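# Observations on the three-dimensional arrangement
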Amino acid sequence: MNQARQRGFTLVEVLVALGVVAISLTAGLQATGAITRHAQRQADMLLAQLCAENALTQVRLARQLPGVGDNQTACQQAGRQLTVGLGVRPTPNPNFRRVDAQVLDGERPIWRVSTVVGRY
């Protein structure tokens, strides 16, 4: 009587399959981490942009030529405490000033925007 040959996977085949699965899972985790970091970065940039634009709008609404110099103000957006640094610099035309707004999260810069403000 012929003994039926049992079919199955060898140990090498199982180890290769586990290696392929492990590599796939690692790549998936890295991609997920990158997407999460990108989403957080986008949220940070949006909040920083709101802070910077609010600070520049406040300068424009003052309706006077801002004084040359630097100052910092706090900006709270979505429960986050950010710092807006405003730098006012003279221009070749004395009727205009360049205003730079830089938003920081602690010591880390997030956003920078500049504008020119004229005499009213």
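Above: the structure in question.
The following refers to the structure shown. Note that this is a predicted model, so its numbers are computed, not measured.

This paragraph deals with the overall build of the protein chain. Within the protein chain one finds one helix and four strands. Written out in order from the N terminus, the α and β elements of the protein chain read α-β-β-β-β. Over its C-alpha trace the protein chain gives a radius of gyration of 29 Å, far above what one expects of a compact globule, namely 14 Å for 120 residues. Considered along the principal axes of its C-alpha atoms, the protein chain spans approximately 105 × 30 × 20 Å. Residue pairs at least 24 apart in sequence account for 43% of intrachain contacts in the protein chain once pairs closer than 6 positions are excluded.

Now for the sheet that holds strand E2 (residues 80-90). Spatially, E1-E2-E3-E4 is the arrangement adopted by the four strands of the open sheet, whose pairing is antiparallel. Only two strands of the sheet have a single neighbouring strand rather than two, namely strand E1 (69-77) and strand E4 (108-118). Each adjacent strand pair in this sheet contributes to an overall mean axis angle of 20 degrees, direction not counted. One ladder, built from ten bridges, connects strand E3 (residues 96-105) with E4; its direction is antiparallel. Bridged to Ala-101 within E4 is Val-113. Seen against the sheet, helix H1 (residues 11-61) touches E1, E2, E3 and E4 and runs at an angle of roughly 25 degrees to E4.

This next bit is on the state of the cysteines. Tallied over the entire structure, the rule returns one disulfide. Each sulfur in the disulfide pair Cys-51 and Cys-75 lies 2.0 Å from the other. One quick way to see it: the torsion about the S-S bond of Cys-51 and Cys-75 is about -85 degrees, and its sign makes the bridge left-handed. Within this pair, whereas Cys-51 is found in helix H1, its partner Cys-75 is found in strand E1, the two being separated by 24 residues in sequence. Among the residues examined, Cys-75 registers a relative accessible area of 11% and is labelled buried.

In this model H1 runs 75 Å from its N-terminal to its C-terminal C-alpha over 51 residues, within 8% of the 75 Å that 1.5 Å per residue would give. Of the residues making up H1, those classed as buried are Asp-44, Leu-47, Ala-48, Cys-51, Ala-52, Ala-55, Leu-56 and Val-59. Of the residues flanking the end of H1, it is Arg-63, one or two places downstream, whose phi is positive at about 55 degrees.

Cut-offs applied
- Residues numbered from 1 in each chain as written.
- Predicted model: local features only at pLDDT ≥ 70, side-chain atom pairs only at ≥ 80, totals over all residues.
- Heavy atoms only, no water.
- Helix = DSSP H or I, 4+ residues; strand = E, 2+ residues; numbered from the N terminus.
- Rg over C-alpha atoms; globule rule 2.2 N^0.38 Å.
- Contact = heavy atoms within 4.5 Å.
- Pairing = 2+ DSSP bridges.
- Axes fitted to C-alpha atoms, helices over the stretch in contact; angles between N-to-C directions.
- Disulfide = S-S within 2.5 Å.
- Buried < 20%, exposed > 50% of the residue type's maximum accessible area, 1.4 Å probe, protein only.
- Expected span 1.5 Å × (residues − 1).

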